[in-house]
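# Understanding the architecture of this molecule
Chain residues, written in single-letter form:
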Amino acid sequence: MRSVQSRVLASGALLSLTLIFACSSTSDSSNPNGASGNSGSSVGGTSAHAGTSSAAGSTAQAGSNAQGGASAGNAGTSAAGSAGSAGSVAQAGSAGTSADGCASALLCDDFEKYTTGMPPGSPWTNNANGGTVTVDATHVHSGTHAVKFAAALSTDANSYRSLMINLQNSMLLPTMDNVVYGRMMFFLDSAPTMSVHWTFIDGQGKVPGQNYHSVYRYGGQLPITNGADFVGSQLMANYDTPDSYATPAVGPSSDCWLHSDKVVVPVGAWACAEWKFDGAANKMQFWLNGSEVTSLAMNGTGQGCVHEDATFAWSAPSFDRIDLGFESYQADDARNLWIDDVAIGTQK
């Protein structure tokens with residue numbers, strides 16, 4: 001489903017991470033989006049392993065659902081009488097948190113404190129392969145700053161673009177129960193019209209007791225059309241073991257997928273993504289604008305695996321890193337994504 005390039009951070013620590021923001025008061029069980037993915041949907045044209053393209057109908061990425069955080073309000077904003085100012089990074093229990101949910105979060109960030117035109121600073125690190133990652137003052141969800149991920153045009157069939165901000169902080173990650181909740185506001189200006197595997201959320205770490213990493217991803221891949229008209233890029237979950245692409249290979253092969261029930265990524269408007277990465281239950285969940293996309297709930301190999309071998313079994317990592325931004329693995333047009341009001345925590 002994706003190219004051989006991978007981003008992993010070695011760590012054996014155990015984690016439970018939660019991103020806390022609420023899109024609405026909708027309960028966890030809500031699901032207006034359908035119950036099952038489209039088995040057998042084709043992923044023709046996507047790159048599988050070392051330049052081998054996956055066959056149509058064979059690839060769709062596994063990923064389990066991640067629950068978004070549940071608390072309302074924009075992360076990083078301060079409550080009346082609190083000491084934090086808009087734009088500050090609020091850590092659990094620190095000044096600047098309030099009834100918006102930041103009081104129970106590990107981290108809230110609305111990116112107000114960072115320098116325009118530069119990547120966001122600590123606690124974030126970043127990678128910009130095939131584009132740029134900068135704090136932007138021209139397009140925001142709240143306040144005066146957001147993070148812009150500008151992906152350049154890529155023409156190689158096995159192109160790899162990775163524009164991400166990475167949270168890997170020993171004071172925050174890993175968490176005790178290895179469960180991660182998250183929320184972010186995002187604005188995507190356009191979606192791939194071809195079969196391009198792309199990611200905008202991932203959680204990764206080393207599999208406990210093993211010498212390889214695994215990754216939970218949310219993004220998309222298949223174009224949805226209505227006759228000749230392009231409707232959007234279908235959301236998808238993906239479970240992968242990227243160390244298996246190394247030379248020599250480490251750990252089992254996988255690259256498993258689960259397509260949503262024709263739910264597409266919103267474009268041209270701010271939207272709320274929430275997720276839960278549950279390492280203890282080997283499960284992922286995802287919410288869009290306050291409603292759970294139950295067809296993206298995954299706790300196994302989903303609709304299939306591109307590289308599954310005879311001994312493969314789903315094994316969650318100890319999540320020691322969360323990545324947000326835009327990453328893609330095949331030829332694609334230039335496009336921009338903005339992210340604002342991010343929250344991370346250990347409870348919904």
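Residues numbered from 1 in each chain as written. Predicted model: local features only at pLDDT ≥ 70, side-chain atom pairs only at ≥ 80, totals over all residues. Heavy atoms only, no water.

## Let's talk about the environment of Glu274
The following threshold applies: Only DSSP runs of H or I reaching four residues or more are called helices, and only runs of E reaching two or more are called strands; each is numbered from the N terminus. Only protein chains enter the area calculation, which uses a 1.4 Å probe; residues under 20% of their type maximum are buried, those over 50% are exposed, and those in between are partly exposed.
Checked against the element boundaries, Glu274 lands in strand β14 (residues 271-278). Under the relative-accessibility criterion, Glu274 is labelled buried at 2%. Along the chain, Glu274 and Asn289 lie 15 residues apart, while their C-alpha atoms are 8.0 Å from each other.

## Comments concerning the pairing of β14
Test applied: Note: two strands are recorded as paired if DSSP finds a minimum of 2 bridges between them.
Counting buried residues along β14, 8 of its 8 residues qualify, which places the element largely inside the surrounding structure. Side chains Ala271, Ala273, Trp275 and Phe277 of β14 all project onto a buried face; the interleaved residues Cys272, Glu274, Lys276 and Asp278 project onto the opposite face, where all are buried too. Where strand β9 (residues 179-188) and β14 come together, 3 bridges link them in antiparallel fashion. Across the sheet, Met184 pairs through a bridge with Ala273, a residue of β14. Relative to strand β15 (residues 283-288), β14 runs antiparallel, the two being bridged by 6 bridges. Considered in β15, the bridge of Lys276 is made with Gln285. As consecutive antiparallel partners, β14 and β15 are separated by 4 residues, and within that stretch Asn282 has a phi angle of approximately 55°, a positive value.

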